[in-house]
Amino acid sequence: MSDVVQKLWGFCHTLRHDGIDYGDYIEQITYLLFIKMADERGIDLPGDADWPILAAKSGTELTDHYVDTLRALGRERGILGDIFAGAVSRFNNPVNLKKLIGLIDETEWISLNVDVKAAAFEGLLQKAADEGKKGAGQYFTPRLLIQALVRCIKPDPRAHAEFTVCDPACGTGGFLVCAYEWFIKQTGGAIDRTLAKRIKKGTYFGQDLVHRPRRLALMNLYLHGLEPEIHLGDSIYEVPDGRRHDVVLTNPPFGTKGANQAPEREDFTIATSNKQLNFLQHVLTILRPSGRAAVVVPDNCLFADQAGDVFKILTEDCDLHTVLRLPNGTFTPYSPGTKTNVVFFTKGPPTERVWIYDARTNVPRITKKDRPLSADHFAEFERVYGDDPTGRAKRNAKDATDDRWRCFEIAEVRARDFKIDSLKWLKDDSLDDADGLPDPEELATDAIAELEGAVNELTEVIAMLENNSAAAEPDARAC
């Protein structure tokens with residue numbers, strides 16, 4: 001299957017000269033691949049929007065027909081309309097469109113099993129993400145990390161008849177796909193018809209703010225045999241529906257872009273413009289009682305001005321049982337300088353103690369070529385995490401090597417004003433070694449994070465002063 005990926009990806013470099021970027025290319029493949037597979041399955045598409053008609057055309061007649069096809073499919077209902085909603089052709093040169101149609105036509109996709117088709121599509125997503133800031137990395141979480149988190153959380157739809165899994169910042173659907181793949185591996189694919197029907201349409205839910213990743217997520221899951229519900233919208237600034245979930249797995253977007261004001265939500269106890277802190281509050285809302293979550297957060301989410309306030313609420317309303325400090329460079333090449341963590345919590349019982357696994361201190365930085373991320377980076381953490389997805393397995397600090405696993409009672413967390421980032425115990429040897437100092441990019445990222453945090457705090461202070469000033473002004477309508 002890698003041959004198919006290489007062939008399709010190789011053509012992308014040709015299209016770059018036609019002004020089509022990596023994300024556009026994956027999006028166009030999504031459209032064409034869907035139309036091709038619909039034809040192979042004998043699915044009737046509206047009007048002339050079928051593969052043989054499209055493949056038979058050339059020149060400007062082809063590009064015009066392709067535009068009409070996308071428009072017609074976007075008007076359909078169901079997953080068809082979801083995938084093609086707002087779809088636009090990016091081809092200026094009909095020769096390039098004809099070439100891509102020919103490449104896709106060379107493979108009989110329906111003859112491939114689900115795993116192979118999905119692997120091909122995910123392979124393309126990975127390659128787009130690997131282009132870093134030029135590609136789709138902003139929507140992509142390393143698959144090895146996702147798989148490790150899923151194995152810890154164990155999202156098993158057999159738990160009860162209404163079991164659901166959600167990613168409120170789903171990007172291209174990586175967490176949802178891995179959750180499904182984990183379940184299929186547990187069952188060996190042997191599931192009854194009723195359960196299969198529920199899993200296909202009623203188990204996996206997601207949301208994303210941007211059309212493209214949502215479209216790619218729908219196609220990604222469709223190629224795994226699923227028809228999920230993925231909403232287009234802002235998880236933070238829109239009031240959520242009443243649906244609650246058993247498992248939430250998510251990696252909210254890094255940075256502060258778009259976070260210019262605190263959302264007006266009654267379910268948010270702490271008013272802040274910090275996106276990651278708001279995502280934590282959002283996850284708390286959408287979890288069912290006894291629901292469990294694993295959320296990727298950057299370091300600034302653990303020490304920002306209002307981080308303590310949010311984590312105080314979190315420890316009161318949930319069992320914040322585990323924190324994983326990820327190795328430096330985990331998101332290389334997508335966001336190489338960002339230091340990240342994963343917080344695990346279960347809604348309902350208050351926190352009694354927090355276990356922290358430090359996979360970062362004195363661990364060589366992850367690089368794209370020389371020291372790539374591997375399953376070994378998470379193997380020991382998975383072992384000490386234990387078999388209980390709610391984090392209540394018997395644990396012992398001595399079970400980890402190099403003193404990387406430590407427990408903090410809630411009294412100590414409270415004494416640190418719930419600033420989880422302050423709970424450190426390992427000495428960073430690189431600080432004493434001039435040759436081991438962080439890379440300039442990492443130092444710059446840290447500086448930017450601190451500056452962004454300071455700007456957010458200043459913005460909130462200004463807004464507070466403005467509100468106080470407005471409240472103090474006499475009402476001109478008064479007698």
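Scroll up a little and you will see the structure.
Residues numbered from 1 in each chain as written. Predicted model: local features only at pLDDT ≥ 70, side-chain atom pairs only at ≥ 80, totals over all residues. Heavy atoms only, no water.

(A) Up close: the overall build of the protein. What the protein contains, in helices and strands, is 17 helices and nine strands. Here the protein holds 479 residues, and 52% of them are scored as buried. If you take every contact in the protein between residues at least 6 apart in sequence, the share linking residues at least 24 apart comes to 77%. (Helix = DSSP H or I, 4+ residues; strand = E, 2+ residues; numbered from the N terminus. Buried < 20%, exposed > 50% of the residue type's maximum accessible area, 1.4 Å probe, protein only. Contact = heavy atoms within 4.5 Å.)

(B) Focus on the sheet that holds strand β7 (residues 340-347). Read across the open sheet, the nine strands follow the order β3-β2-β1-β4-β5-β7-β6-β8-β9; overall the sheet is mixed. The sheet is open, and its two borders are formed by β3 (229-232) and β9 (405-409), each paired with just one other strand. Ignoring strand direction, the axes of neighbouring strands in this sheet form an average angle of 15°. Relative to strand β5 (residues 287-298), strand β4 (residues 245-250) is paired through five bridges, and the arrangement is parallel. From the neighbouring strand, Thr 250 faces β5, where its bridge partner is Val 295. Along the sheet, helix α14 (residues 307-317) contacts β6 (318-325) and β7; its crossing angle with β6, the most-contacted strand, is approximately 125°. Running over the sheet, helix α15 (residues 376-385) touches β6, β7, β8 (353-358) and β9 and is turned about 155° from β6. (Pairing = 2+ DSSP bridges. Axes fitted to C-alpha atoms, helices over the stretch in contact; angles between N-to-C directions.)

(C) View of the nonpolar core. Residues Leu 32, Phe 84, Tyr 204, Leu 249, Leu 324 and Phe 344 are the most contacted members of the largest nonpolar core, which totals 81 residues. At 10 residues, helix α2 (residues 22-40) tops the list of elements feeding residues into this core. Once you skip the residues sitting within four places of it in the chain, Tyr 204 turns out to touch Pro 157, Val 165, Leu 176, Ala 179, Tyr 180, Phe 183, Ile 199, Leu 226, Pro 228 and Glu 229. Core analysis: the second largest hydrophobic core is formed by 35 residues, Cys 166, Val 283, Val 297 and Phe 311 among them. (Core = buried A, V, L, I, M, F, W, Y, C linked by side-chain atoms within 4.5 Å.)

(D) Highlighting the side chain of Ser 235. Turning to its location among the elements, Ser 235 is positioned in the loop between β3 and β4. You can call Ser 235 buried: its relative accessible area is 4%. Within polar-contact distance, the side chain of Ser 235 engages the backbone oxygen of Pro 168 at 2.6 Å. When neighbours within four sequence positions are excluded, Ser 235 is seen to be in contact with Pro 168, Gln 207, Arg 265, Phe 279 and His 282. (Polar contact = N/O pair within 3.5 Å; in protein donor to acceptor, adjacent residues only side chain to side chain.)

(E) Spotlight on helix α12 (residues 275-286). Given a rise of 1.5 Å per residue, 12 residues ought to cover 16 Å, and the 16 Å separating the end C-alpha atoms of α12 matches this to within 8%. The buried count for α12 comes to 12 of 12 residues, which makes it a mostly enclosed element. Of all the residues in α12, the buried ones are Lys 275, Gln 276, Leu 277, Asn 278, Phe 279, Leu 280, Gln 281, His 282, Val 283, Leu 284, Thr 285 and Ile 286. For α12, the N-terminal cap is Asn 274; the gap from its side-chain oxygen to the backbone nitrogen of Gln 276 is 3.0 Å. (Expected span 1.5 Å × (residues − 1).)

(F) Here's a closer look at the environment of Tyr 204. Looking at where Tyr 204 falls in the secondary structure, it is placed in strand β2 (residues 204-208). On the basis of relative accessibility, which here comes to 2%, the residue Tyr 204 falls in the buried class. Taking the C-alpha atoms as reference points, Tyr 204 and Val 177, separated by 27 residues in sequence, lie 9.0 Å from one another.

(G) Structural context of the pairing of β8. Extensive coverage of β8 is indicated by the burial of five of its six residues. Pairing analysis gives four bridges linking β6 to β8, with the strands arranged parallel. Within the sheet, the bridge partner assigned to Thr 322 lies in β8 and is Trp 355. Judged from the five bridges that link them, β8 and β9 form a sheet pairing that is antiparallel.

(H) Region of interest: the packing of aromatic side chains. This structure, assessed with the given rule, holds 13 aromatic pairs. Through pairs of rings, three or more aromatic residues link up here, namely Phe 344, Trp 355, Tyr 357, Phe 381, Tyr 385 and Trp 405. The lysine or arginine in question, Arg 395, covers the ring of Tyr 385, its NZ or CZ lying 5.0 Å from the ring centre. (Phe/Tyr/Trp six-rings, centres within 6.5 Å; stacked < 30°, edge-to-face > 60°. Lys NZ or Arg CZ within 6 Å of the ring centre and 35° of its normal.)

(I) Inspection of unusual backbone geometry at higher detail. You will see that Lys 154, though not glycine, has its phi angle at about 55°, which is positive. Tracing the chain through its elements places Lys 154 in the loop between α8 (143-153) and β1 (165-167). Positive phi outside glycine occurs at Asn 362, with the angle close to 60°. Within the fold, Asn 362 resides in the loop between β8 and α15. Overall, the relative accessible area of 37% leaves Asn 362 in the partly exposed class.

(J) Representation of helix α6 (residues 94-105) within the structure. When the terminal C-alpha atoms of α6 are compared, their 16 Å separation across 12 residues agrees well with the 16 Å that a helix rising 1.5 Å per residue should span. All buried positions along α6 are accounted for by Pro 94, Asn 96, Leu 97, Leu 100, Ile 101, Leu 103 and Ile 104. Two to three positions downstream of the cap, the backbone nitrogen of Val 95 sits 2.9 Å from a side-chain oxygen, assigning the N-cap of α6 to Asn 93.

Honestly, that's just the spatial picture; any functional story needs more than this.
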